[in-house]
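Residues per chain are reported as follows:
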Amino acid sequence: MFPAFRTLLPTLLSHKARLGFALVMAFVSAANLGVGILGLVAVVRVVLEGSEDEVSPLVTQAREFDATLNGAIPDAWINAIPEDPFHSVVVVFVLLGALTLVGATANFLHAATSMTVSLRAVTDIRSRAFERLVRAPLGVAMSGHGADWLSRVVNDANALGRGFQALTNKAVAQITKGAAALVAAFLVEWRLALITMGVVPVIAFVIRKLAKRIRRASKAAMKGQGQLLGVATESMGGARVVKVHGTESIEAARFDERNEHVYRQHLRARMARALSSPLTELIVFTAVGILAMVGIRQILNGELSIDQLVGVLGALGIAGQSLKPLNTVVQDLTVAEAAAQRITELLDRPAEDRASGETLPRHAQSLTFDGVSFAYDGAEREALSGIDLDITAGEA
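Procedures and definitions
Residues numbered from 1 in each chain as written. Predicted model: local features only at pLDDT ≥ 70, side-chain atom pairs only at ≥ 80, totals over all residues. Heavy atoms only, no water. Salt bridge = Lys/Arg side-chain N within 4 Å of Asp/Glu carboxyl O. Helix = DSSP H or I, 4+ residues; strand = E, 2+ residues; numbered from the N terminus. Buried < 20%, exposed > 50% of the residue type's maximum accessible area, 1.4 Å probe, protein only. Core = buried A, V, L, I, M, F, W, Y, C linked by side-chain atoms within 4.5 Å. Contact = heavy atoms within 4.5 Å. 1 Å grid on protein atoms, 1.4 Å probe; cavity = no way out; pocket = protein on both sides within 12 Å on 5 of 7 lines; lining within 4 Å. Points joined across faces, edges and corners; volume = space filled by probe spheres on them. Nonpolar A, V, L, I, M, F, W, Y, C, P; charged D, E, K, R; others polar. Polar contact = N/O pair within 3.5 Å; in protein donor to acceptor, adjacent residues only side chain to side chain.

**Considerations on the pattern of salt bridges**
Proximity of charged atoms lets side chains of opposite charge pair with each other.
So, step 1. In the structure shown here, the tally under the stated rule is six salt bridges.
So, step 2. Here Arg120 ties to Asp124 by a salt bridge, and the two come within 3.0 Å at their closest N and O atoms. Pair noted here: Arg120 and Asp124 are both in helix α5 (residues 85–134), with a separation of four residues, about one helical turn.
So, step 3. Under the relative-accessibility criterion, Arg120 is labelled partly exposed at 38%.
So, step 4. Exposure remark for Asp124: the relative accessible area of 26% places this residue in the partly exposed category.

**Comments concerning the nonpolar core**
So, step 1. In terms of nonpolar packing, the biggest core is built from 28 residues, with Phe5, Leu8, Leu160, Phe164 and Ile343 touching the most fellow members.
So, step 2. For this core, the secondary-structure elements that each account for two or more residues are α1 (3–13), α5, α7 (146–188) and α13 (326–347).
So, step 3. Contacts of Leu160, omitting those with residues within four sequence positions, involve Phe5, Leu8, Ile125, Ala336, Ala339, Ala340 and Ile343.

**Notes on empty space enclosed by the protein**
So, step 1. Following the criterion strictly, the structure yields one cavity of 30 Å³ or more and no others.
So, step 2. Empty space within the largest cavity amounts to approximately 40 Å³.
So, step 3. Taken together, Ile207, Leu210, Ala211, Ile214, Ser276, Asn327, Val330, Gln331 and Thr334 make up the full set of residues lining the largest cavity.
So, step 4. Of all elements in the fold, only α9 (199–237) and α13 reach the threshold of two or more residues within the lining of the largest cavity.
So, step 5. Split into classes, the residues belonging to the lining of the largest cavity amount to five nonpolar, four polar and no charged.

**Some words on the side chain of Ser118**
So, step 1. Its location among the elements puts Ser118 in helix α5.
So, step 2. What makes Ser118 buried here is its relative accessible area of 0%.
So, step 3. Only 2.9 Å separates the side chain of Ser118 from the backbone oxygen of Ser114, close enough to count as a polar contact.
So, step 4. Ser118 has contacts with Leu12, Gly161, Phe164, Gln165 and Thr168, leaving out every residue within four places of it along the chain.

Structure follows, in structure tokens:
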């Protein structure tokens, strides 16, 4: 998937230190989210089970968990938990507030670092693409598609940059947070959480099918934008000729034709983009509804507690909300793949060979061209054919 995009990834991955730091910050932010979910589940349990005359359920849970770990938790930590239920809830909320601050800071550092790396990578690729363009044979610029090649350097590179940012920022952040929430759901009640795993292949299938349509339409739209730029450049570059001959309406009609073509290509991707999010929401809502019915049945049978059902549904809801933006990420990557295909076509073009040919000394008497012919690469006919010319020294 995304083969052309992957060929340009080494430029992004060359910034290993910064990417590593961004990844660590993403995991820190996600870990804080997972711990926060478990903390809220504990608060719900205190509210449902605790009373002023009893020891806080948090203390009981901590002791049971410590026994499971063979006394790995220091006694001082357990003794620091207030036995009063309300005071224990206050302590949990204070800790959650501190974790939220740490998570927000890590989230900011991840976003800022990943954006910096993405911008640097696309800047380097844009420079390479432009250098390859200016070193291409003159026939490339004279072929009438110069605006399209330039559009690849400028416009398509911007689309590629959005794909880089979607991968390093949105994708990493949302996947790590979704995974953390999912782990929390499994820790609360793994059997219910396991039921939701059945929707993952369905969502992946839907996204993949829609992504193919978006990629084809996006590539055609980018090509149309290059042609649109070419029409506009020709018209404005030859403004004097247009004014002299009074062909303003003709040039406007040419532009409108290309503009409508770009519009139609964007419409092709519109339906796939619009369907992606609602279909995913429908699948997730159906899965959560089934999960809720199963959970209620287990509660009525005495096999599940209310706080466990609330905790699982809450954690899975947060996981779903975290993974929902992946629809947009896939769409950005799909557009970036179309841009990467056009950019790699430029990067793969051979550069003009400046090393070939004989170096001639400066002439002192005359230059003679005897039957000289020349054709640009890809041209249908020769630019020069059978030229005979004598130039004596001093003539221009």
